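Remarks on the overall topology
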Amino acid sequence: MANAAGGLYLEELSIGQTAQSGRTITEADILAFAAASGDTNPVHFDADYAATTRFKERIAHGMLTAGHVSAIIGTRLPGPGAVYVGQTLSFKRPVRIGDTVKTVVTVTAIDPAKGFVTLECVCSVGGKTVLDGQATVLVATTPIPTLEA
C-alpha cells in the first residue's frame, strides 16, 4: 500500500531493507549541477588546473554524488512523500567523469513514535567507497480508517 505520494508508509519499512542504483557521471551532469548550484570550482571544469591538484584530473562535485542518495530516498526508499530532516556525509575518494557510482541505501533504525527512519547511505565506484553517511527522514504512517456515518 503506497502513501498518497506513492512512497512507502512507516509500517511497511523494516530494518535491513535496501534500495540501490547505478549511474555513470557525465560531462552533462557536471554542467547541470554547476548551473543549479552555482559551484564552478575549477577542479570540476579546468583540466589544466585540476592537473595541478592531488586528483590530477577533473572530478565531479561531491554533492552531485550525494544527490544519488537523495534520488533513492525521494523515489524508492522510503520513496515519494519522505522528507529529509538530517544527513551526514563523509567523502572518501573522488568521482571522475565516466565513473559509475553505485548507491545503496539501507534502513538501520525506525522510530515509530516520531515517524523517523534512519538510513545508512553508501556510494561506491569499482567496489571502493567514495561517500558514506547517514540520513534521517520523516515518513508518513498508515492512516487509521474512519467509519463513514
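Described below are features of the structure shown in this document.

Conventions and cut-offs
Residues numbered from 1 in each chain as written. Predicted model: local features only at pLDDT ≥ 70, side-chain atom pairs only at ≥ 80, totals over all residues. Heavy atoms only, no water. Salt bridge = Lys/Arg side-chain N within 4 Å of Asp/Glu carboxyl O. Helix = DSSP H or I, 4+ residues; strand = E, 2+ residues; numbered from the N terminus. Core = buried A, V, L, I, M, F, W, Y, C linked by side-chain atoms within 4.5 Å. Buried < 20%, exposed > 50% of the residue type's maximum accessible area, 1.4 Å probe, protein only. Contact = heavy atoms within 4.5 Å. Polar contact = N/O pair within 3.5 Å; in protein donor to acceptor, adjacent residues only side chain to side chain.

Moving on, we come to the pattern of salt bridges. Under the counting rule described, the total for this entry stands at four salt bridges. The salt bridge involving Glu 57 is made with Arg 96; its shortest N-O contact spans 2.8 Å. Here Glu 57, found in the loop between helix H3 (47-51) and helix H4 (62-75), pairs with Arg 96, found in the loop between strand S2 (83-91) and strand S3 (100-111); they are 39 residues apart in sequence, far enough to count as distant.

Here we come to the nonpolar core. If you look at the biggest cluster of nonpolar residues, it comprises 26 residues, and the most contacted ones within it are Val 117 and Leu 119. For this core, the elements supplying multiple residues, two or more each, are H4, S3, strand S4 (116-125) and strand S5 (128-138). In contact with Val 117, not counting residues within four places along its chain, are Leu 10, Leu 13, Val 107, Ala 109, Ala 135, Thr 136, Val 137 and Val 139.

Positionally, Leu 8 belongs in the segment before strand S1 (18-24). Looking at Leu 8, the relative accessible area reads 23%, which means it is partly exposed.

Relative to the assigned elements, Val 137 resides in strand S5. C-alpha separation for the pair Val 137 and Gly 115, spaced 22 residues apart in sequence, amounts to 8.3 Å. Look past the residues within four positions of Val 137 in its chain and what remains in contact with it is Ile 73, Pro 78, Val 83, Tyr 84, Val 85, Gly 115, Phe 116, Val 117 and Leu 119.

Okay, unusual backbone geometry next. Pro 78 follows Leu 77 through a cis peptide bond whose omega is 0°. Its identity is not glycine, yet Lys 56 carries a phi of approximately 70°, on the positive side. Along the chain, the position of Lys 56 falls in the loop between H3 and H4.

Inspection of the secondary structure assignment puts Thr 103 in strand S3. Judged by relative accessible area, which is 0%, Thr 103 ranks as buried. Not counting residues within four places of it along the chain, the set of residues in contact with Thr 103 comprises Ala 19, Gln 20, Ser 21, His 68, Val 69, Ile 72, Val 122 and Cys 123.

Now for the side chain of Arg 58. Mapped onto the elements, Arg 58 comes out in the loop between H3 and H4. Within the structure, Arg 58 has its side chain in polar contact with the side chain of Glu 27 (distance 2.9 Å). Within the structure, the side chain of Arg 58 is placed 2.8 Å from the backbone oxygen of His 44, a separation counted as a polar contact. When sequence neighbours within four positions are dropped, the list of residues in contact with Arg 58 reads Glu 27, Ile 30, Val 43, His 44, Phe 45, Asp 46, Ala 47, Ala 50, Arg 96 and Ile 97.

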